[in-house]
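Listed here are the chains, written in short residue letters.
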Amino acid sequence: AAGYCFNIHRCKSCPKGLYEEVKEEMTISINKGMKHEEHIIISEVMDEAPGDNAVRGNLDVVLRQTRHEYFERDGDDLRMSMSIPLVDALVGFNTTIKHLDDREMVIEKQSVTSCGSELRIRGGGMPIHSNNVDPIFGDLIITFRVDFPETITGGDAVLHRIRE
């Protein structure tokens, strides 16, 4: 097959070509509450174009949110599902959950909880970026699932008390 040959003249002061690969390590601060696909721009850390007035380019870091085992982000709010036994759904309950920042949160309900009902905890969600001195947070929204027993043990006396 026919081909063409090009005679390439390299600059004597640039024996590796116009660009030289350099590895740099840098630390990027990601603030609590930053959102999926939010951009962090770091100025003048990338390659520079050849020439006398060369300016280094900017690095654009795009955040990618990963799934969490229990929590799902909904804007500044967090959502989660919680299974509770039938007895807790009927008489109320008090339990703790571990939040994203490892703090323990008390979840308490003192009334009947129906399957699919939601509990909104103000300020239990993601941090909201603002200029306020006091941090502002979204809400934590818990959707309840009621676990029904397969069988009821204890005989007729227990069944009679349940019916009453």
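What comes next concerns the included structure. Position numbers for residues start from 1 in each chain and track the written sequence from start to end. Selection of residues for local features in this predicted model requires a pLDDT of at least 70, selection of side-chain atom pairs for listing and counting requires 80 or more, and totals for whole chains, interfaces and linings are taken over all residues. Only heavy atoms go into the side-chain values, all of them from the structure, while hydrogens and water stay out.

1. Things to note about the overall build of the chain
Helix and strand assignments come from DSSP, with helices taken as H or I runs of at least 4 residues and strands as E runs of at least 2, each series counted from the N terminus. The secondary structure content of the chain amounts to two helices and 10 strands. Walking the chain from its N terminus toward its C terminus, one meets helices and strands in the order β-β-β-β-α-β-β-β-β-β-β-α. The buried label applies to any residue whose accessible area, calculated with a 1.4 Å probe on protein chains only, is under 20% of its type's maximum; exposed applies above 50%, and partly exposed to all values in between. Buried residues in the chain amount to 24% of all 164 residues. Should any heavy atoms of two residues lie within 4.5 Å, those residues are counted as being in contact. Taking as baseline every contact in the chain between residues at least 6 positions apart, the subset at least 24 positions apart corresponds to 46%.

2. Observations concerning a nonpolar patch on the surface
For patch building, the residue pool is restricted to those with more than 30% relative accessible area and no salt bridge; the joining distance is 9 Å between like charges and 5 Å between nonpolar side chains (Val, Leu, Ile, Met, Phe, Trp, Tyr). Residue exposure ignores everything except the shown protein chains as possible cover, and the areas themselves are Shrake-Rupley values with a 1.4 Å probe. We define a salt bridge as a side-chain nitrogen of Lys or Arg found within 4 Å of a carboxyl oxygen belonging to Asp or Glu. Taken together, the side chains of V87, L90, V91 and V112 define a hydrophobic patch exposed on the protein surface, amounting to about 390 Å² of accessible area. Considering the arrangement of structural elements, one finds V91 in helix α1 (residues 86-91). Using a relative accessible area of 60% as the deciding quantity, one classes V91 as exposed.

3. With respect to the sheet that holds strand β7 (residues 118-121)
Backbone-to-backbone hydrogen bonds pair the strands of a sheet. The strands run either parallel or antiparallel. DSSP-based pairing: two strands are paired if at least 2 bridges between them are found. One open sheet accounts for four strands, arranged β3-β4-β10-β7; its pairing is mixed. Strand pairing shows two members of the sheet lacking a second neighbour, β3 (72-74) and β7, which therefore form its edges. On average, each strand axis in the sheet is inclined to that of its neighbour by 30°, with strand direction left out of account. Of the strand pairs in this sheet, strand β4 (residues 77-85) and strand β10 (residues 140-147) are connected by eight bridges, and their pairing is parallel. Looking across to β10, one finds that L78 is bridged to L140. All axes here are fitted lines through C-alpha atoms, helices being fitted over the stretch that makes contact, and every angle between N-to-C directions spans 0 to 180 degrees.

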